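Fold and contact review
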Amino acid sequence: MNAADAASRDVNRYTRYADEALTRSKIAFWFSLTLGAIGFATILAGAVMAYFASLDTSNVSGAAGVVNTSIAALLYQRSDVADKRASTWFEKAGDNLKESDNLQRALDVLELLDDADLRNRLIAMAGAKQLFPAENAKSLSEVIELKK
């Protein structure tokens, strides 16, 4: 498997995760919107009942509206969390594409080298850099004995 295939596989995975997070976000958002509207209508009905009718009925209606609205707020918060998760997955997919594109360009340039031994060592170093991105070139070259 080459770098482009691996990157494509990873990008597909990240995109699938992001799509799943967005789907969950949409569901939570619509539930929160519906419950919020029902809660608002219930509170409004309680206020109307308090003005025109018995106070006991309006208290029950108002309390029911507050519960609905509170649940709606929690679902909206859940939707926001899912949106942030989707954004993170899309960002990872973009970073992965950029890194794989850079690696593929480097490998294409290395293919132009006539010295097969040097080319293979540099390809090994590029691969090691992908595996250990925090390491610097000097430590990687020592590990794969690039120094002569």
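Details of the structure are given in the entry above.
Here the focus is the overall build of the protein chain. Helix and strand content of the protein chain: four helices and zero strands. When burial is assessed residue by residue, the protein chain has 26% of its 148 residues classed as buried. Taking the intrachain contacts of the protein chain between residues at least 6 apart in sequence as the baseline, contacts between residues at least 24 apart amount to 61%. Of the accessible surface of the protein chain, which amounts to about 10200 Å², a share of 62% is contributed by carbon and sulfur atoms.

Next up on the list: the side chain of R119. Within the fold, R119 resides in helix α3 (residues 116-131). Among buried Asp, Glu, Lys and Arg side chains, R119 stands out as unpaired, with E111 the closest opposite charge at 4.3 Å. In this structure, R119 is in contact with L110, E111, L113 and D114, ignoring residues within four places of it in sequence.

Before going further, it helps to examine α3. With 16 residues, α3 extends 22 Å from end C-alpha to end C-alpha; this agrees with the ideal 22 Å at 1.5 Å per step. Listed as buried for α3 are R119, R121, M125, A126 and A128.

Its place among the elements puts L122 in helix α3. Between the alpha carbons of L122 and L107 there is a distance of 8.9 Å; along the sequence they are 15 residues apart.

Rules behind the numbers
Numbering of residues starts from 1 in each chain and follows the order in which that chain's sequence is written. In view of the model being predicted, local features appear only for residues whose pLDDT reaches at least 70, and side-chain atom pairs are presented and counted only at 80 or more, with totals across whole chains, interfaces and linings using the full set of residues. Each side-chain value is derived from all of the structure's non-hydrogen atoms; neither hydrogens nor water enter the calculation. Think of it this way: any DSSP run of H or I at least four residues long counts as a helix, any run of E at least two long counts as a strand, and we number them from the N terminus. We call a residue buried when its accessible area falls under 20% of the maximum for its residue type, exposed when it is over 50%, and partly exposed in between, using a 1.4 Å probe and counting protein chains only. Any pair of residues with heavy atoms lying within 4.5 Å of one another is described as a contacting pair. The Shrake-Rupley method, run with a 1.4 Å probe, gives the accessible areas here. Residue values count only the displayed protein chains as cover. Only four residue types enter the charge count: Lys and Arg as positive, Asp and Glu as negative, with His and the chain ends excluded. Between Lys or Arg on one side and Asp or Glu on the other, a salt bridge is scored when a side-chain nitrogen of the former is within 4 Å of a carboxyl oxygen of the latter. The span you would expect from a helix comes to 1.5 Å times its residue count less one.

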